[in-house]
Amino acid sequence: MRQSLAFCLLAALSCWCWWQIRVLGDVRLHLAAFYGWFAAAFGLYLAALWLVRQAQRRRGRARAAPAALGVILITAVAVRALLLPGAPTLSDDIYRYMWDGRVQEAGIDPYSLAPD
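Residues numbered from 1 in each chain as written. Predicted model: local features only at pLDDT ≥ 70, side-chain atom pairs only at ≥ 80, totals over all residues. Heavy atoms only, no water.

Participant: Can you lay out the pattern of salt bridges for me, pointing to particular residues and giving the numbers?
Facilitator: Evaluation of the coordinates by the stated rule reveals two salt bridges. Of the charged contacts in the structure, one is a salt bridge between Asp26 and Arg28, with a shortest N-O distance of 3.2 Å. Residue classification places Arg28 among the partly exposed residues on the basis of a relative accessible area of 48%. Between Asp100 and Arg96 there is a salt bridge; the shortest N-O distance is 2.9 Å. Taken together, the residues span about one helical turn, with Asp100 and Arg96 both in helix H4 (residues 93–105) at a distance of four residues. (Salt bridge = Lys/Arg side-chain N within 4 Å of Asp/Glu carboxyl O. Buried < 20%, exposed > 50% of the residue type's maximum accessible area, 1.4 Å probe, protein only. Helix = DSSP H or I, 4+ residues; strand = E, 2+ residues; numbered from the N terminus.)

Participant: Which residues make up H4, and what values go with them?
Facilitator: Here H4 is 13 residues long and its end C-alpha atoms lie 18 Å apart, about the 18 Å a rise of 1.5 Å per residue gives. Phi for Gly107, located one or two positions after H4, is positive at around 85°. (Expected span 1.5 Å × (residues − 1).)

Participant: Before we move on, could you go through the packing of helix H1 (residues 2–22) against helix H2 (residues 31–59) and cite the residues and values that matter?
Facilitator: As a packed pair, H1 and H2 sit with axes 9 Å apart at the nearest point and diverge in direction by 165°. By the criterion of interaxial angle, the relationship of H1 to H2 is roughly antiparallel. Both H1 and H2 take part in a crossing whose hand is left-handed. Counted by class, the contact of H1 with H2 contains 19 nonpolar, four polar and two charged residues. (Axes fitted to C-alpha atoms, helices over the stretch in contact; angles between N-to-C directions. Parallel < 35°, antiparallel > 145°, perpendicular 65-115°, else oblique. Left-handed = near helix turned anticlockwise from the far one by under 90°. Nonpolar A, V, L, I, M, F, W, Y, C, P; charged D, E, K, R; others polar.)

Participant: How would you summarise the nonpolar core if you had to cite specific residues and measurements?
Facilitator: The biggest cluster of nonpolar side chains holds 18 residues, and the ones touching the most others in it are Phe7, Leu10, Trp18, Ile21, Val27 and Phe34. Contributions of two or more residues to this core are made by H1, H2 and helix H3 (61–83). Sort the elements by how many residues they give to this core and H1 lands first, with seven residues. When neighbours within four sequence positions are excluded, Val27 is seen to be in contact with Ile21, Phe34, Thr89 and Leu90. (Core = buried A, V, L, I, M, F, W, Y, C linked by side-chain atoms within 4.5 Å. Contact = heavy atoms within 4.5 Å.)

Participant: Which residues make up the environment of Asp93, and what are the values?
Facilitator: The residue Asp93 is located in helix H4 in this model. Expressed as a C-alpha distance, the spacing of Asp93 and Val77, which sit 16 residues apart in the sequence, is 24 Å.

Spelled out as structure tokens, the structure:
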């Protein structure tokens, strides 16, 4: 029970870190804050890995895995859902890919024309 609570707390804090990254907007303008929140999220990830390892040692692999896996999967989906509505800010490659797709759909070699 105590370990499940710890997993849930780590998951909630991880979601909060990613939310803070999302509200930064263009992270290229706030790199220090981005790196700080990213490091915090990574630290929470390492803490969750440590908890999983401790559960495996205490209860055995078979009993510790389902609960931990459930929390991990729910957290992964929640974090991605948080970031999905945001615009890509660290890289603008997606816009190049969209341009290449439009040009190729028109029957033109995408490497012969430069994007705007």
